[in-house]
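Now for the letters of each chain:
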Amino acid sequence: MKQTDNLSESTSIADKLGIPAPLFWGFVGLLFFMIGDGVEAGYLAPYLEGQGISSRNTALLFTIYGVTVSLSSWASGPLSDLWGPKRVMWIGLAIWGVFEVLFLTFGVAVNSYPIMLAAYTMRGFGYPLFTYGFLVWIAAATPPRQLGSAAGWFWFAFSGGLPTLGSLFASFSIPLIGEMATFWSSLALVMFGGLLALLMTREPIGSKRLAAPGTPPATIFFSSISILWREPKTFIAMIVRTINTSSEYAFLVIMPAFFTKVIGFSLSQWLQLLSIIFLSNILVNLVSGITADRLGHRTVVALFGCVGAAITVPLFYYVPQMFPGNFPIAAAMGALYGATIAAFVPLSGLVPQICPKEKAAALSALGLGAGASTWVGPAIVTWFENWRGIEGIIWIFSGLYVASAVMTLVLTVSPEARRYIDAAAARGDVAEEVTLGH
């Protein structure tokens, strides 16, 4: 009886927070999974360069990894339709664990770049299947009245782990147990979080095929791609979403050395700075959605996201150089940068309104953009670092954010789509704000 009462109490607390109670442990497990995935984010690049791997080869490692992340991010939706989200999550967890062991044992430990490249590339299929599989599960099992807040909590857990708490964990563990042991601790965190989510979450919808019986697999996969040319605005939104976080992934390659060698920070200070950037990011994730309800989705994305990032990216580079070694000033610039990147979140509510009849396919386009950003950012480093160095890369990203502001202005909701949304809302079978693609 007492156990039941405790369960009811925790359930009601979850509901009050906007977390679907049957999925509560999934959110907790997701946070631990992403903490583990984010442990290496701030120090893998400088560690490899310290082992004699060139910055160009390090950037290539991140680029190829990003390609598999991109493919897996897109595939998680149709695979969940075919097999059910929970099975897709199990596959993602297994891939991450197996190839992380190979990456560390036969790659990093013996400094074999070919093995590192192969294992890390394959590991890139892991976390999107787990995380975005859970995102599909949320969309499938959450009542419309809770869908927006549930998705907000998803991104809170996602960004809170990668790289916010992950980098913070590394900043304390590296001085205590060393860099290699910290790599292994990330594996333990990922497996703990993954097993917690999968074994403790027993909501039944996630274990079932989501697509209608008899729907051919080719049809499911093709619709998630063909929407890019059938509805060109989804293609534009995908490009904007790619630009959104591409600078983040580029900065994970180039900024550790910049802040430690040029600005004079220790590795622990850099990891703490990275945590501050993404703490700002996860807080503004929640605020930007609320602001978009009042000012409009396009306005928030174009003004605070695109134009804001075009300004804060150069500030993050130039201002710390004016005050070398000054951590509070660098942290303030980093927090501004993280906030503007988070202001792109309303894209997730805008795109389903542009294509209200094909929300899942439209969100797959955003997922593809999110995945693409993980390799586009490092690719820009690979292609252009020898041209003008870090400074040139900074201005490339600033220019891309200006271009994304112009593209965002095209993302209007047609009168036909608006009528469909209004009619569906009147029937009570549509969630007005769906935030599933950041």
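Predicted model only: the values in this text are computed from it and were never measured. Numbering of residues starts from 1 in every chain and runs along the sequence as written. With pLDDT at 70 or above as the cut-off, local features in this predicted model cover only qualifying residues; side-chain atom pairs require 80 or more to be listed or tallied, and sums for whole chains, interfaces and linings still use all residues. In computing side-chain properties, one takes all heavy atoms of the structure into account and sets aside hydrogens as well as water.

K.L.:
Where do I start with the environment of P46 in this structure?
P.N.:
Along the chain, P46 falls in helix α3 (residues 44-50). Here's how the labels work: a residue is buried when its accessible area is under 20% of the maximum for its type, exposed when over 50%, partly exposed in between, all with a 1.4 Å probe on protein chains only. Judged by its relative accessible area of 28%, P46 is partly exposed. Measuring from C-alpha to C-alpha, the distance between P46 and L252 comes to 9.5 Å, with 206 residues separating the pair along the chain. Counting from the N terminus, the helices are the DSSP runs of H or I reaching at least four residues and the strands are the DSSP runs of E reaching at least two.

K.L.:
Which parts of the structure should I look at to understand the nonpolar core?
P.N.:
Generally speaking, a soluble globular protein has its nonpolar side chains buried in company with each other. What is meant by a nonpolar core is a set of buried Ala, Val, Leu, Ile, Met, Phe, Trp, Tyr and Cys residues, joined one to another through side-chain atoms within 4.5 Å. In terms of nonpolar packing, the biggest core is built from 108 residues, with Y127, F134, F154, M255, F259, L273 and Y401 touching the most fellow members. Here the element with the most residues in this core is helix α16 (residues 359-408); it accounts for 14 residues. Two domains each put at least three residues into this core: domain 1 (16-215) and domain 2 (222-428). If sequence neighbours within four positions are ignored, M255 has contacts with W270, F316 and I394. Domains are outlined according to an automatic or database domain assignment. Contacts are assigned to residue pairs that have any heavy atoms within 4.5 Å of one another.

K.L.:
Would you mind showing me how to read the pattern of salt bridges here?
P.N.:
Oppositely charged side chains can pair when the atoms bearing their charge come close. Each salt bridge in this description consists of a side-chain nitrogen of Lys or Arg and a carboxyl oxygen of Asp or Glu lying within 4 Å of one another. Counted under the stated rule, the structure contains three salt bridges. Residue D37 pairs with R123 through a salt bridge whose shortest N-O separation is 3.7 Å. Within this pair, whereas D37 is found in helix α2 (residues 24-38), its partner R123 is found in helix α6 (residues 113-123), the two being separated by 86 residues in sequence. You'll find D37 and R123 in the same group, each marked buried. R123 is paired through a salt bridge with E100; the nearest N and O atoms lie 2.6 Å apart. Residue R123 is found in helix α6, and its partner E100 is found in helix α5 (residues 85-108); the two are separated by 23 residues along the sequence. For the pair R123 and E100, a shared accessibility class is recorded, and that class is buried. One salt-bridge network, in which partners are shared between bridges, spans D37, E40, E100 and R123.

K.L.:
Explain the domain arrangement of the protein chain here, please?
P.N.:
One frequently used descriptor of interface size is the decrease in accessible area upon assembly of the parts. Domain parsing of the protein chain yields domain 1 (16-215) and domain 2 (222-428). On a C-alpha basis, the centres of domain 1 and domain 2 stand 20 Å from each other. Across the contact, 35 residues belong to domain 1 and 33 residues belong to domain 2. Take the accessible area each of two parts loses on contact, using a 1.4 Å probe, and add the two losses: that sum is the buried area. Ranking the residues of domain 1 by area buried against domain 2 places W74, F156 and T164 at the top, with a combined share of 19%.

K.L.:
How do you make sense of empty space enclosed by the protein when you look at a structure like this?
P.N.:
Take a probe with the size of a water molecule and roll it over the atoms, and the empty space left behind shows itself. Method remark: on a 1 Å grid restricted to protein atoms, a set of points is classed as a cavity if a 1.4 Å probe fits but cannot get out and as a pocket if it is open with protein on both sides within 12 Å along at least five of seven lines; lining residues have an atom within 4 Å of a point. Grid points are joined across faces, edges and corners, and a volume is the space filled by probe spheres set on the points. For the structure shown, the criterion picks out three cavities of 30 Å³ or more. Along its surface, the largest cavity is lined by 27 residues, and Y127, L162, E248, Y249 and T374 are the ones closest to its centre. Contributions of two or more residues to the lining of the largest cavity are made by α4 (55-83), α6, α7 (126-141), α8 (144-177), α11 (232-262), α12 (267-295) and α16. Grouping the constituent residues of the lining of the largest cavity by class yields 15 nonpolar, seven polar and five charged. Residue-level mapping places the lining of the largest cavity at the junction of two domains, with at least three residues from each of domain 1 (16-215) and domain 2 (222-428). Note that Gly is not counted as nonpolar here; it falls among the polar residues with everything else outside the nonpolar set of Ala, Val, Leu, Ile, Met, Phe, Trp, Tyr, Cys and Pro and the charged set of Asp, Glu, Lys and Arg.

K.L.:
Would you explain α2 in this entry?
P.N.:
An α-helical turn contains 3.6 residues, so any two residues separated by three or four positions project in the same direction. In this scheme, a helix's expected span is set at 1.5 Å multiplied by one less than its residue total. Given a rise of 1.5 Å per residue, 15 residues ought to cover 21 Å, and the 21 Å separating the end C-alpha atoms of α2 matches this to within 8%. Turning to α2, its buried residues are G26, F27, G29, L30, F33, M34, I35, G36, D37 and G38.

K.L.:
What is the right way to look at the side chain of D37 in this model?
P.N.:
When its relative accessible area of 3% is taken as the criterion, D37 is described as buried. Ignoring sequence-local partners within four residues, the contact set of D37 consists of Y65, W96, R123, Y127, L162 and V190.

K.L.:
Would you take a moment to explain unusual backbone geometry for this structure?
P.N.:
Of all residues except glycine, most have a negative phi; of all peptide bonds, most are trans. Its identity as a non-glycine residue notwithstanding, N111 has a phi of 60°, on the positive side. Following the sequence through the fold, N111 ends up in the loop between α5 and α6. With relative accessibility at 35%, the residue N111 sits in the partly exposed group.

K.L.:
Sorry, what's going on with the packing of helix α13 (residues 297-322) against helix α15 (residues 347-354) here?
P.N.:
The axes of two packed helices give the description: the angle between them and the distance between them. Angles shown run from 0 to 180 degrees and are taken between the N-to-C directions of axes, each axis being a line fitted to C-alpha atoms and, for helices, limited to the stretch in contact. Following both chains from N to C, one finds α13 and α15 inclined at 135°, their axes separated by 9 Å at the closest point. The angle between the axes of α13 and α15 places the two elements in the oblique class. In the crossing of α13 with α15, the sense of the turn from one axis to the other is left-handed. Contact with α13, carried on its side by H297, R298 and V301, involves L347, G349, L350 and Q353 of α15 and no other residues of that element. Across the contact of α13 with α15, the residue classes tally to three nonpolar, three polar and one charged. For classification purposes, an angle smaller than 35 degrees is called roughly parallel, one larger than 145 roughly antiparallel, one from 65 to 115 roughly perpendicular, and anything else oblique. Two helices cross in a left-handed way if the nearer one is turned anticlockwise from the farther one by less than a right angle. They cross in a right-handed way if the turn is clockwise.

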